[in-house]
There are 2 protein chains.
Amino acid sequence: MVTISQIAAELGLSKATVSRALRGVPGVADVTVATVRAAAETMGYIPDVAAAGLATGRSRAVAVVVPSLSRWFYNSVLTGIDRGLRSLGYDTVLYDLDRSVGSWPHVFVRSDLRRRVDGLIAVSMMFSAEELAEFSSLDIPMIAVGPTTHGFRTIGIDDAAVMTTATEHVLALGHQELGYLGGFDSQSRSLGGAVEREHAFMTAALDAGAVVDPTWMLAGRYRQSIALEVVTPVFRSDSWPTALVCASDEMAIGAMYAIQAAGLRVPQDVSVIGVDGHEYAQAYDLTTCAQYPEAQGELAARQIIAEVEGGPSRLSFEPADYQLVVRGSTGPPRASR
Amino acid sequence: MVTISQIAAELGLSKATVSRALRGVPGVADVTVATVRAAAETMGYIPDVAAAGLATGRSRAVAVVVPSLSRWFYNSVLTGIDRGLRSLGYDTVLYDLDRSVGSWPHVFVRSDLRRRVDGLIAVSMMFSAEELAEFSSLDIPMIAVGPTTHGFRTIGIDDAAVMTTATEHVLALGHQELGYLGGFDSQSRSLGGAVEREHAFMTAALDAGAVVDPTWMLAGRYRQSIALEVVTPVFRSDSWPTALVCASDEMAIGAMYAIQAAGLRVPQDVSVIGVDGHEYAQAYDLTTCAQYPEAQGELAARQIIAEVEGGPSRLSFEPADYQLVVRGSTGPPRASR
DNA sequence: CTGAAAGCGCTAACAG
DNA sequence: CTGTTAGCGCTTTCAG
């Protein structure tokens, strides 16, 4: 294992100079830098992060806390974060909180995060006041991606605006009988903007004078499997909405399956619209209000590193892009055909 | 920030004793241990992993390399690994290789992994001989989960056996006209046992004298969206198989959607069977040959830590459980009703 | 522009 | 059972 001192010895230089040359610290002769780097290369030098970390107090790693890895939004954000972090020379230390609802030990923060990471990115997480206090005591930059997270600067879409856009799309198509597929993901620690979305839907629907039968307010809990189950009985009954607004594309896909299995057609009998821009939306010809989780993750990575490396902390909320993508799952209601 | 020396000073002990007491090293008076731990607790001591790492050469972290995070199998394995690792006091350092097909810099191994992790777990990865050599030169325990990975001890199902089981299920139901939905995921670095599965299918089908029209061999590339697209034309043509054997549940779900959209019924018109035991399989009433990726991940975590902590390296292949789960998507073919 | 020296916080012989 | 003494490999004043 080759160290900095060996390079120094080899070249008749001091450890300090070699260290500076390797890191590109200004104030070293260009020739020296070149020589040192060449030697490091040929000798097969690999920096020891632990040693550097001890000396600097930095680990070149950031913690990423996710509520679960199985949902598309979360793992997409994580993909973006990992890519962003790695391109900046940082590692991703994963903290998957799946199935740890309400049981996250405070210990987590103190003993695990401390000194192990330079920053923390929380994806769609809800934290208790106690946990938040522990985080703050870590005194490292923190940032959230997803719905606005109390105590965190956050990057994310405007959930209300997105849902309003989606709802207005079907309203504009002439639908007056609307269903909503949303609910809460009780299994995870994420809130996912569920409240904002549902509220925006109701507001837009009622403002337009649409009919929203209470039995059409479905709790798909943000999972495709549950969506499939709760949607099924509605479209096998004799009263169903002409348009179903879904709070996520995963739920929308489950709903479309249930609707077809019930013998109805999308969009002829019922229009379906989702939110997210899921990678499968195109194949399912699903109209959706798309957001770009990987981009959000990459942005989070860049911003946290900027802060870690001394930059100032930015705005408290960074609005992310979204866009209505109209496909074949939405159309005018039967009556107005 | 409180250190070990502060505790030592406070208690009038030496750093060494405090260190030993804290780590539970045998050979310290019980009273001393108790006193030290109590003091550490009240003083709010938190160990510095970097310092410990420098001294021991261990980081208490393991690298997990995945081909992508968006596919259920991969993220499920990762969930299991993270849970296992964390329960043993180790951190998960993520290396998501999504979209880095063929472009993985050798640099990766040398500069990133070295000294940063104590072990490496590769999930469904294919490595070049060159990469493999670099891994080996790291001289840390390595283990793979998924299909047998050259150069790695691996934990995984017997892909051929699983596919044989699935195929024989529809054969036993009386199907004689079989389709296969498989292919390769060219986007990722994973092979995923695709070859073994396809071969096992063909063997079982031909052995039973079944008809497998070449146009029924579909390349869904292990993605639901692509499966949906390639399956659609087949069931809109005038010649289709009575049973479709899918190499993954994700593809099977896409296929079922396509079949229904084409106006056919599952299982009345066509039976569909998958492989994986996807979390959505139950909701879709999909018959599948299930495997348990989270359990595989947890096992991998336990085994790698056992090795890291001095245990011997075990068998070269650890067969994982699988089980045929019969649901409503498979039934006898039309003719024999 | 380069070198010497001190030290980051902890562990690991080696003594006692 | 406990203390002393060296480092682990790198960064960082402070001199020159």
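Residues numbered from 1 in each chain as written. Chains lettered and ligands numbered in written order. Predicted model: local features only at pLDDT ≥ 70, side-chain atom pairs only at ≥ 80, totals over all residues. Heavy atoms only, no water.

Colleague: Can you help me understand the interface of chain A and chain B in this one?
Modeller: Interfaces are often sized by the amount of accessible area the parts lose when they come together. Contact with chain A, which involves 52 residues of that partner, is made by 52 residues of chain B. Summing both sides of the interface, chain A and chain B together bury roughly 5200 Å²; the carbon and sulfur share of this comes to 50%. When the buried surface of chain A facing chain B is broken down by residue, A:Arg116, A:Tyr257 and A:Tyr284 rank first, second and third, together holding 13% of it. Where chain A packs against chain B, one counts 3 salt bridges. (Contact = heavy atoms within 4.5 Å. Buried area = accessible area lost by both parts, 1.4 Å probe. Salt bridge = Lys/Arg side-chain N within 4 Å of Asp/Glu carboxyl O.)

Colleague: What should I look at first to understand the protein's contact with DNA strand D in this one?
Modeller: The immediate surroundings of DNA strand D are formed by 27 residues, with A:Ile4, A:Lys15, A:Ser19, A:Tyr45 and B:Thr32 found nearest. Take the atoms of DNA strand D that sit within 4 Å of the protein: sugar and phosphate atoms are 57% of them. A distance of 3.0 Å is found between a phosphate oxygen of DNA strand D and a side-chain nitrogen or oxygen belonging to B:Thr17. Between DNA strand D and the protein, one listed contact pairs a phosphate oxygen with a side-chain N or O atom of B:Thr32 at 2.7 Å. Elements with a contribution of two residues or more to the surface near DNA strand D: helix 2 (15–23) and helix 4 (49–56) of chain A together with helix 2 (15–23) and helix 4 (49–56) of chain B. Among the elements that line the surface near DNA strand D, the one with the most residues is helix 2 of chain A, at 5 residues. For the surface near DNA strand D, the class distribution of residues is 13 nonpolar, 8 polar and 6 charged. (Near = heavy atom within 4 Å. Polar contact = N/O pair within 3.5 Å; in protein donor to acceptor, adjacent residues only side chain to side chain. Helix = DSSP H or I, 4+ residues; strand = E, 2+ residues; numbered from the N terminus. Nonpolar A, V, L, I, M, F, W, Y, C, P; charged D, E, K, R; others polar.)

Colleague: Would you mind showing me how to read the domain arrangement of chain A here?
Modeller: Taken domain by domain, chain A holds domain 1 (4–46), domain 2 (55–155 + 293–320) and domain 3 (159–291). Taking only C-alpha atoms, the centre of domain 1 of chain A and the centre of domain 2 of chain A are 34 Å apart. (Domains from an automatic or database assignment.)

Colleague: Can you help me understand the environment of B:Arg115 in this one?
Modeller: For B:Arg115, the location among the structural elements is in the loop between helix 6 (107–113) and strand 3 (119–123). Counting along the chain gives 100 residues from B:Arg115 to B:Thr215, while the straight-line C-alpha distance between them is 51 Å. Contacts of B:Arg115, omitting those with residues within four sequence positions, involve A:Met1, A:Asp48, A:Val49, A:Ala50, B:Gly53, B:Leu54, B:Gly57 and B:Ser59. Among the polar contacts made by the side chain of B:Arg115, one reaches the side chain of A:Asp48 at a distance of 2.5 Å.

Colleague: Any chance you could explain the pattern of salt bridges here in plain terms?
Modeller: Side chains carrying opposite charge are able to pair once their charged atoms draw close together. Going through the model one piece at a time under the given rule, you end up with 19 salt bridges over all chains. Residue A:Asp269 pairs with A:Arg334 through a salt bridge whose shortest N-O separation is 2.9 Å. On the criterion of sequence distance, the pair formed by A:Asp269 in the loop between helix 11 (249–261) and strand 9 (271–276) and A:Arg334 in the segment after strand 12 (322–325) is long-range, its members being 65 residues apart. Owing to a relative accessible area of 11%, A:Asp269 belongs among the buried residues under this scheme. Note that B:Asp185 and B:Arg71 form a salt bridge whose closest N and O atoms lie 2.0 Å from each other. One end of the pair, B:Asp185, is in the loop between strand 6 (178–182) and helix 9 (194–207); the other, B:Arg71, is in the loop between strand 1 (61–66) and helix 5 (72–87), with 114 residues separating them in the sequence. (Buried < 20%, exposed > 50% of the residue type's maximum accessible area, 1.4 Å probe, protein only.)

Colleague: Is there a simple way to explain the sheet that holds strand 1 of chain B in this structure?
Modeller: Sheet strands line up and pair through hydrogen bonds in the backbone, either parallel or antiparallel. With mixed pairing, the 12 strands of this open sheet are ordered in space as 11(A)-5(A)-4(A)-3(A)-1(A)-2(A)-2(B)-1(B)-3(B)-4(B)-5(B)-11(B). Across the chains shown, the open sheet's two edge strands, defined by having one partner strand only, are strand 11 (317–319) of chain A together with strand 11 (317–319) of chain B. Ignoring strand direction, the axes of neighbouring strands in this sheet form an average angle of 25 degrees. As defined by bridge partners, strand 4 (residues 142–145) of chain B adjoins strand 5 (residues 154–156) of chain B across 2 bridges and the pair is classed as parallel. Directly across from B:Val145, in strand 5 of chain B, lies its bridge partner B:Ile155. (Pairing = 2+ DSSP bridges. Axes fitted to C-alpha atoms, helices over the stretch in contact; angles between N-to-C directions.)

Colleague: Explain the protein's contact with DNA strand C to me, please; I cannot follow it from the model alone.
Modeller: Residues in contact with DNA strand C amount to 26 residues; listed here are only the nearest, A:Thr32, B:Ile4, B:Lys15, B:Ser19 and B:Tyr45. Restricting the count to atoms of DNA strand C within 4 Å of the protein gives a sugar and phosphate share of 67%. In the model, a phosphate oxygen of DNA strand C is placed 2.9 Å from a nitrogen or oxygen of the A:Ala29 main chain. Contributing elements (two or more residues each) for the surface near DNA strand C: helix 2 and helix 4 of chain A together with helix 2 and helix 4 of chain B. A total of 5 residues in the surface near DNA strand C trace back to one element, the largest contributor, which is helix 2 of chain B.

Colleague: Can you walk me through the pairing of strand 10 (residues 287–291) of chain A in this structure?
Modeller: Along any regular strand, the residues point their side chains to alternate faces of the sheet. All names here are of chain A. Here strand 10 lies mainly inside the structure; 5 of its 5 residues are buried. Burial along strand 10 is two-sided: the residues Thr287, Cys289 and Gln291 and Thr288 and Ala290 are all buried. Pairing between strand 10 and strand 12: 4 bridges, direction antiparallel. Bridged to Ala290 within strand 12 is Gln323.

Colleague: Is there a simple way to think about a nonpolar patch on the surface in this case?
Modeller: Residues and elements named next belong to chain A. A cluster of nonpolar side chains, Met126, Phe184, Leu191 and Val195, forms an exposed patch at the surface whose accessible area comes to about 350 Å². Within the secondary structure, Met126 sits in the loop between strand 3 (119–123) and helix 7 (129–138). Here Met126 falls in the partly exposed class, since its relative accessible area comes to 43%. (Patch = residues over 30% accessible without salt bridge, like charges linked within 9 Å, V, L, I, M, F, W, Y side chains within 5 Å. Areas by Shrake-Rupley, 256 points an atom, 1.4 Å probe, with all protein chains shown as cover.)

Colleague: What is the right way to look at the packing of aromatic side chains in this model?
Modeller: Aromatic ring pairs: the centre-centre distance and the angle between the two ring planes describe each pair. Tallying each qualifying case throughout the model produces 14 aromatic pairs over all chains. Each ring, one from A:Tyr257 and one from B:Tyr284, has its centre 4.6 Å from the other, and the planes form 65 degrees; the classification is edge-to-face. Here B:Tyr284 lies in the loop between strand 9 (271–276) and strand 10 (287–291) and A:Tyr257 lies in helix 11, a pairing that spans two chains. A relative accessible area of 8% means that A:Tyr257 is categorised as buried. An aromatic cluster is built from A:Phe127, A:Phe135 and A:Phe152, whose rings are joined through pairwise contacts. The aromatic ring of A:Tyr90 is capped on one face by A:Arg60, whose charged end is 4.4 Å from the ring centroid. (Phe/Tyr/Trp six-rings, centres within 6.5 Å; stacked < 30°, edge-to-face > 60°. Lys NZ or Arg CZ within 6 Å of the ring centre and 35° of its normal.)

Colleague: Help me understand the packing of helix 1 (residues 4–11) of chain B against helix 2 of chain B, please; the structure alone is not making it clear to me.
Modeller: Two quantities define a packed helix pair, namely the angle between the axes and the distance from one axis to the other. Residues and elements named next belong to chain B. Helix 2 packs onto helix 1 with a crossing angle of 110 degrees between their chain directions and a minimal axis gap of 8 Å. Considering their axes alone, helix 1 and helix 2 lie roughly perpendicular with respect to each other. The residues of helix 2 that touch helix 1, namely those facing Ile4, Ser5, Ile7 and Ala8, are Lys15, Val18, Ser19 and Leu22. For the contact of helix 1 with helix 2, a count of residues per class yields 5 nonpolar, 2 polar and 1 charged. (Parallel < 35°, antiparallel > 145°, perpendicular 65-115°, else oblique.)

Colleague: I would appreciate a short explanation of the state of the cysteines in the present structure.
Modeller: Defined simply, a disulfide is a covalent bond joining two cysteines at their sulfur atoms. Residues and elements named next belong to chain A. Inspection of every chain in the model, using the stated rule, returns 0 disulfides over all chains. Cysteine Cys246 shares no disulfide, and the gap to the nearest cysteine sulfur, in Cys289, comes to 13 Å. Taking relative accessible area as the criterion, Cys289 reaches 1% and is therefore assigned buried. (Disulfide = S-S within 2.5 Å.)

Colleague: How should I be thinking about the sheet that holds strand 12 (residues 322–325) of chain B in this particular structure?
Modeller: Residues and elements named next belong to chain B. Here we have 6 strands laid out as an open sheet, ordered 7-6-8-9-10-12, and mixed in their pairing. Two strands lie at the open edges of the sheet, namely strand 7 (217–219) and strand 12, each paired on one side alone. The mean angle between the axes of side-by-side strands here comes to 15 degrees, regardless of whether they run parallel or antiparallel. Of the strand pairs in this sheet, strand 8 (residues 243–246) and strand 9 are connected by 3 bridges, and their pairing is parallel. Counterpart to Leu244 in the pairing with strand 9 is Val272.

Colleague: Would you mind going over the side chain of A:Asp118 with me for this structure?
Modeller: All names here are of chain A. For Asp118, the position within the fold is in the loop between helix 6 (107–113) and strand 3. No salt bridge is formed by the buried Asp118; its nearest oppositely charged neighbour, Arg58, is found at 4.5 Å. Within the structure, Asp118 has its side chain in polar contact with the backbone nitrogen of Arg60 (distance 2.7 Å). Residues contacting Asp118, with those up to four places away along its chain left out, are Gly57, Arg58, Ser59, Arg60, Ala61, Tyr90, Ile140, Pro141 and Val308. (Lys, Arg positive; Asp, Glu negative; His and termini not counted.)

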